[in-house]
Amino acid sequence: MKAARVAERRVVIQEVAEPVAEADHAVVRVVSAGVCHSDLHLARGDWGGQASGGLGHEGIGVVESLGADADRYVQEGDRVIFGLGGMGGAYWCGSCEQCLGGEPQFCAQGRALLGTFAERIAVWAPALTALPASVSDLEAPLACGGLTAYGAIKKLFKAGIFPGSRIAIVGAAGGLGHYAVQLAASFGYRVIAVDIGAERLEFARSLGADLVVDATDDTLGDVGGVAASLVFSAGLSGFRTGLSLLRRGGHLLGVGLPPTSDGMLELSPFELFARNLTISYSAVGTVQDMRELVELAADGKVHTHVGRTGPLSDLEHIFEELEARKYVGRAVITDVTR
Ligand SMILES: [Zn+2]
Ligand SMILES: [Zn+2]
């Protein structure tokens, strides 16, 4: 079968062996696969190290065969979505402190799900979520992009920042941010969307933002303090912008992962003292979050804006366009057979 591999920081399509369903795994025929910024970072070695093996962690497909113990979770022919953004998406133990505490994505034995850019993939069956027919194949990016945004919004609740509050979403028109704007607006937050350029800001407004602001604009300072800044930017400058927008006692919730070459986020302890800030991070979500998100998508509360589609052989071109910010929203591979 065909599958994407990384060679010298570029994507190549190769013939590889068919996956086999082990005991509690299912082999899924991939129908569509979302292109996440993380795939680009992994391929280019932006976070240190170099990707080997499969690439891609957002998929929709049809269960083709089951391992001996997998029929408790799914059946052959089921249409499913899978991904979880690379952490906890392939396996978690279910019995450690993190798993029992409701955060299996931090399980020390957790394994990453990689390899949706392929004709087939073997997936740990408990990590699969059934997909209703009303959610289209183009919604594959919900599996990481959507889930990550939803996980971040749920963290606001845990932090005691409830609907009605003013929050900033930095990188609002991006592959993650555009989900966060829709979800936050539909929950009743007052959303200040921060991005760069008129087209991206207009897009954020169309998703339900109350106010849109250009991160490069002098008027940024007029926004006034927000209760929380959710930073989805893939650049460190977005984190600085998010910090600058917080009111006293505000909460910086990081989500984007800038390349390590962007350097460090510098913070003065005096500033933390004077402004009483909280800083935390939100990484992906759980399978239960994924099920809730699928329900929200089926209800029309959240929708993937697809800015680019193409066959598997287009993947390297799509990465180049993503680097050059040539499309808005997400890219989806809609044919993995060519
Ligand atoms: Zn991702
Ligand atoms: Zn565990």
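Everything quoted here is computed from the prediction, not taken from an experiment. (Residues numbered from 1 in each chain as written. Chains lettered and ligands numbered in written order. Predicted model: local features only at pLDDT ≥ 70, side-chain atom pairs only at ≥ 80, totals over all residues. Heavy atoms only, no water.)

**Remarks on the coordination of the zinc ion (ligand 1)**
Phase 1 of the analysis: Within the first shell, the zinc ion (ligand 1) binds the protein through Cys 36 (SG), His 57 (NE2) and Cys 144 (SG), at distances of 2.0 to 2.2 Å.
Phase 2 of the analysis: Since its relative accessible area comes to 4%, Cys 144 is described here as buried. (Donors = N, O, S within 2.8 Å, 3.2 Å for Na, K, Ca; no water. Buried < 20%, exposed > 50% of the residue type's maximum accessible area, 1.4 Å probe, protein only.)

**Section: the nonpolar core**
Phase 1 of the analysis: Counting 56 residues, the largest nonpolar core has Ile 169, Phe 232 and Leu 293 as the members making the most contacts within it.
Phase 2 of the analysis: Among the elements of the structure, helix H3 (145-158), strand S8 (166-170), helix H4 (177-187), strand S9 (190-195), helix H5 (198-206), strand S11 (226-231) and helix H8 (287-298) are those that each provide at least two residues to this core.
Phase 3 of the analysis: Formed jointly, this core draws a minimum of three residues from each of two domains, domain 1 (2-144 + 284-335) and domain 2 (149-281).
Phase 4 of the analysis: For Phe 232, the contacting residues outside a window of four places in its chain are Ala 149, Ala 152, Ile 169, Val 170, Gly 171, Leu 176, Gly 177, Ala 180, Val 255 and Gly 256.
Phase 5 of the analysis: Formed by 32 residues, the second largest nonpolar core is a distinct cluster that contains Val 35, Val 63, Phe 319 and Ile 333. (Core = buried A, V, L, I, M, F, W, Y, C linked by side-chain atoms within 4.5 Å. Helix = DSSP H or I, 4+ residues; strand = E, 2+ residues; numbered from the N terminus. Domains from an automatic or database assignment. Contact = heavy atoms within 4.5 Å.)

**With respect to the domain arrangement of the chain**
One frequent convention defines the size of an interface as the accessible area lost when the parts assemble.
Phase 1 of the analysis: Each assigned domain of the chain is listed with its residue range as follows: domain 1 (2-144 + 284-335) and domain 2 (149-281).
Phase 2 of the analysis: With centres defined by C-alpha atoms, the gap from domain 1 to domain 2 works out at 26 Å.
Phase 3 of the analysis: Of the roughly 1,800 Å² buried between domain 1 and domain 2 on both sides combined, carbon and sulfur atoms contribute 59%.
Phase 4 of the analysis: Taken as a group, Trp 47, Arg 325 and Val 328 account for 25% of the area that domain 1 buries against domain 2, more than any other trio of residues on that side. (Buried area = accessible area lost by both parts, 1.4 Å probe.)

**Things to note about H8**
Phase 1 of the analysis: Taking 1.5 Å of rise per residue, the 12 residues of H8 would be expected to cover 16 Å, and the 16 Å separating its terminal C-alpha atoms lies within 8% of that figure.
Phase 2 of the analysis: For H8, the full list of buried residues reads Val 287, Asp 289, Met 290, Leu 293, Val 294, Leu 296 and Ala 297. Looking straight down H8, one finds its buried side chains confined to an arc of 165°; they lie on one side.
Phase 3 of the analysis: Looking at the buried side of H8, the elements it contacts are strand S5 (79-82), strand S7 (129-130), H3 and H4. (Expected span 1.5 Å × (residues − 1). Arc of directions from axis to C-beta.)

**Overview of the environment of Pro 311**
Phase 1 of the analysis: Relative to the elements of secondary structure, Pro 311 occurs in strand S14 (residues 306-311).
Phase 2 of the analysis: Residue Pro 311 is classed as buried on the basis of its relative accessible area of 13%.
Phase 3 of the analysis: Pro 311 sits 275 residues away from Cys 36 along the chain, and the two C-alpha atoms are 15 Å apart.
Phase 4 of the analysis: Sequence-distant contacts of Pro 311, defined by excluding residues within four places in its chain, comprise Ile 333, Asp 335 and Arg 338.

**Here's the deal with the coordination of the zinc ion (ligand 2)**
Phase 1 of the analysis: At the metal site, the zinc ion (ligand 2) is ligated by Cys 93 (SG), Cys 96 (SG), Cys 99 (SG) and Cys 107 (SG), and these contacts range over 2.3 to 2.4 Å.
Phase 2 of the analysis: For the zinc ion (ligand 2), the 4 donor atoms in the first shell make angles of 105 to 115° at the metal, a pattern classed as tetrahedral.
Phase 3 of the analysis: All donors of the zinc ion (ligand 2) belong to a single chain; written as a sequence motif, their spacing is C-x2-C-x2-C-x7-C. (Tetrahedral: all angles 85-135°; square planar, octahedral: opposite > 155°, others 65-115°.)

**Topic: the packing of aromatic side chains**
Phase 1 of the analysis: All told, the structure shown has 6 aromatic pairs when counted by the stated rule.
Phase 2 of the analysis: Measuring from ring centre to ring centre gives 4.6 Å for Trp 92 and Trp 124, while their planes differ by 85°; the resulting arrangement is edge-to-face. Taken together, the residues span a long stretch of sequence, with Trp 92 in the loop between S5 and helix H2 (97-100) and Trp 124 in strand S6 (residues 120-124) at a distance of 32 residues. Each member of the pair, Trp 92 as well as Trp 124, carries the same accessibility label: buried.
Phase 3 of the analysis: Measuring from ring centre to ring centre gives 6.1 Å for Phe 157 and Tyr 189, while their planes differ by 90°; the resulting arrangement is edge-to-face. With a gap of 32 residues between them, Phe 157 in helix H3 and Tyr 189 in the loop between H4 and S9 connect regions that are remote in the sequence.
Phase 4 of the analysis: Residue classification places Phe 157 among the partly exposed positions, given a relative accessible area of 35%.
Phase 5 of the analysis: The cationic tip of Arg 111 hangs over the ring face of Tyr 91; the distance from NZ or CZ to the ring centre is 4.7 Å. (Phe/Tyr/Trp six-rings, centres within 6.5 Å; stacked < 30°, edge-to-face > 60°. Lys NZ or Arg CZ within 6 Å of the ring centre and 35° of its normal.)

**Observations concerning the packing of H3 against H4**
Phase 1 of the analysis: One way to put it is that H3 packs onto H4 with a least axis distance of 8 Å and a crossing angle of 40°. Here H4 runs oblique to H3, going by the angle between their axes. In this structure, H3 crosses over H4, and the sense of that crossing is right-handed. Residues Gly 145, Gly 146, Ala 149, Tyr 150, Ile 153 and Phe 157 of H3 pack against Tyr 179, Ala 180, Leu 183, Ala 184 and Phe 187 of H4.
Phase 2 of the analysis: Of the residues assigned to the contact of H3 with H4, the class counts are 9 nonpolar, 2 polar and no charged. (Axes fitted to C-alpha atoms, helices over the stretch in contact; angles between N-to-C directions. Parallel < 35°, antiparallel > 145°, perpendicular 65-115°, else oblique. Left-handed = near helix turned anticlockwise from the far one by under 90°. Nonpolar A, V, L, I, M, F, W, Y, C, P; charged D, E, K, R; others polar.)

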